[in-house]
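Close look at the chain arrangement
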Amino acid sequence: MSASPPSATAPAGAPTTGNRTFLAVLVNTAAANVTTSFLWFALTFWVYLETRSVLATGIVGGAYMLLLAVFAMFFGSLVDRHRKHRVMVFSGLVTLTAFLVAGALWLAFPEAALLDLGGPWFWLFAGVILAGAVVENMRNIALSTTVTLLVPVERHANANGLVGTVQGLAFVVTSVFSGLSVGFLGMGGTLAIAIALTLVALVHLLTIRIPEERPAAGAEPGPLVDVRGAIRAVRAAPGLFALLIFSTFNNLIGGVYMALMDPYGLELFDVQVWGVVLGVTATGFIIGGGLVARFGLGRNPIRTMLWLVIAMGALGAIFTLRDWWWLYVAGIWVYMALIPPVEAAEQTIIQKVVPFETQGRVFGFAAAFESAAAPVTSFLIAPIAEFAIIPYMRGGEGQAMWGWLVGDGASRGIALVFVFAGLFMVVAASLAFLTRSYRTLSRQYRTAEVNADVADGPSPVDDREASVHNAAAPPIADAAATTAASPARTADAATSTAHATPTALATPDDPRG
């Protein structure tokens, strides 16, 4: 960023006010994400517990990922065409309406009718909740652009680290309390809690003011899904398309872990213990995000990201070499701690090299491909592992060939898949260092100035108005220090709470996905 002085029209306190506004938006979005994930997890648990249908549970979970990928570019186009606060309010209203309709269906029909997989009411009930959950993800795209709008460019990585921290906290909360809520309150009580919390988050959002001029994209007609605009924005930053391809490829490998992590864990632990393990290891997600919030990503986030991906691949290759529970748990914890820095690096790069006016479309473009990548691999690897690799490793030929590497014990076939997936990730990230795209994008990140003044120049009127509504939020530097110090307390709380679920399903907020 250039060292030029701030504009004379920008008040001296603008960056601090922007930080406080961002933190207010972040807390509100975190509350909305927790509520939506809480209800969505609860729905999948309720469906499985009441029907014991893996097929129905799988369709519900798969539809969520599929629709998120389908609508991500539409959401990104809306974010670019409208003020971010208006997009968030719209998202909250649609989600609240969907949950209210689901509540009305719960009151109108007996539970047996809503659980009849052959009737229309189950699919309508699940579909309405699904629609509310998918639309709520529009807020996440808007949140990524508010980092550019409200936070000085040198603090983008720290702000993205805070985003990763609250996402990890959301996973801990939802994975633990969704099962407890369904077990003790039933689906009706869980739905009532979700409606109340969604309403509270929406009311709080209305008290926040985000200083932003009307987007130029909204002043002229354009397509609802601006694919061409997204592609032009990506191509305008040399090397960015290669970064998105690499991230999609990384998610393809991540689909292997999404498909096989639960089966392997359930070979080592009872289902109740496995739920607690997931809650405890998710604290790694919180700590990883907290470290980024405190220390950033270094001078070149692209280099940092590739080294972390190499570490993830190496870790994935060794954490199941023997069927030792402590090795698996430690590996998952470290793996989850590495995910927030990798995601924060990609967001920080986009926020630096892509003009603010087109970031919504770029984030939507990235989310569309990356959200679809992991489920594709998951659907492919699961049958291959079950019908080919696992039987092979149970036989004498497989043990003779690979026993020296993966030992003997439970699920050596899954362990072999993890080994090769991890090594493949290491090789791919290592080769990325040698590409022209890596060098081009690194140079582009060092020299880009397209958003240098975005967070520094809100109008004095908007700035004063925002400071009145958001004065209670602390600056990012203080919040980062607090966040970095707090995960240990969260870990203690998570270890004492059981995860009462029959299985764990990956969602976009799920670090395994």
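Everything below is about the structure shown above.
The present account deals with the structure reproduced in this document. (Residues numbered from 1 in each chain as written. Predicted model: local features only at pLDDT ≥ 70, side-chain atom pairs only at ≥ 80, totals over all residues. Heavy atoms only, no water.)

Focus on the packing of helix 8 (residues 227-235) against helix 14 (residues 359-394)
Threshold: Note on geometry: axes are C-alpha line fits, over the in-contact stretch for helices, and angles between N-to-C directions span 0 to 180 degrees. Here a helix means four or more residues in a row that DSSP labels H or I, a strand means two or more in a row labelled E, and each is numbered from the N terminus. Just so you know how the angles are binned, under 35 degrees is roughly parallel, over 145 roughly antiparallel, 65 to 115 roughly perpendicular, and the rest oblique. Contacts are assigned to residue pairs with any non-hydrogen atoms lying within 4.5 Å of each other. Residues are grouped as follows: Ala, Val, Leu, Ile, Met, Phe, Trp, Tyr, Cys and Pro are nonpolar; Asp, Glu, Lys and Arg are charged; all remaining types, including Gly, are polar.
At a minimum axis separation of 9 Å, helix 8 and helix 14 run at an interaxial angle of 95°. Comparing the axis directions of helix 8 and helix 14 gives the class roughly perpendicular. Of helix 14, the residues touching helix 8 (which contributes Gly229, Ala230, Ile231, Ala233 and Val234) are Arg361, Val362 and Phe365. Here the residues of the contact of helix 8 with helix 14 are counted per class, giving 6 nonpolar, 1 polar and 1 charged.

Quick notes on a nonpolar patch on the surface
Which entries qualify depends on this criterion: Like-charged residues within 9 Å of one another, or nonpolar side chains (Val, Leu, Ile, Met, Phe, Trp, Tyr) within 5 Å, are grouped into patches, provided each residue has over 30% relative accessible area and no salt bridge. Each accessible area is a Shrake-Rupley estimate made with a 1.4 Å probe; only the visible protein chains count as cover when residues are assessed. When a carboxyl oxygen of Asp or Glu lies within 4 Å of a side-chain nitrogen of Lys or Arg, that pair is called a salt bridge.
The grouping of Phe184, Leu185, Ile193 and Leu197 at the surface amounts to a nonpolar patch, some 410 Å² of accessible area in total. Mapped onto the fold, Leu185 is located in helix 7 (residues 156-206).

As for the pattern of salt bridges
Just so we agree on the cut-off: Note on classification: 1.4 Å probe, protein chains only; a residue is buried when its accessible area is under 20% of the maximum for its type, exposed when over 50%, partly exposed between these limits.
Counting across every chain of the model gives 3 salt bridges. Measuring nitrogen to oxygen at the nearest pair gives 2.7 Å for the salt bridge that ties Asp80 to Arg361. Of this pair, Asp80 sits in helix 2 (residues 54-81) while Arg361 sits in helix 14; the two residues are 281 residues apart in sequence, bridging distant segments of the chain. Accessibility assignment for this pair places Asp80 and Arg361 in one class, buried. Glu212 is the salt-bridge partner of Lys84, the closest N and O atoms lying 2.8 Å from each other. Within this pair, whereas Lys84 is found in helix 3 (residues 84-108), its partner Glu212 is found in the loop between helix 7 and helix 8, the two being separated by 128 residues in sequence. Each member of the pair Lys84 and Glu212 is classed as buried.

Quick word on a positive patch on the surface
Short version of the rule: In summary, the charge assignment counts Lys and Arg as positive and Asp and Glu as negative, without counting His or the chain termini. Charged side chains are reduced to one point each, which is NZ for Lys, CZ for Arg, CG for Asp and CD for Glu.
Together, Arg299, Arg303, Arg436, Arg439, Arg443 and Arg446 make up a region of like positive charge exposed at the surface. When residues of the positive patch are assigned to their parent elements, the largest contribution, 4 residues, is made by helix 17 (residues 436-447). Counting through the fold element by element, Arg439 comes out in helix 17.

Section: the side chain of Ser91
Position of Ser91 among the secondary structure elements: in helix 3. For Ser91, a relative accessible area of 0% puts it in the buried group. When near neighbours in sequence (up to four residues on either side) are disregarded, Ser91 contacts Val135, Glu136, Met138 and Arg139.

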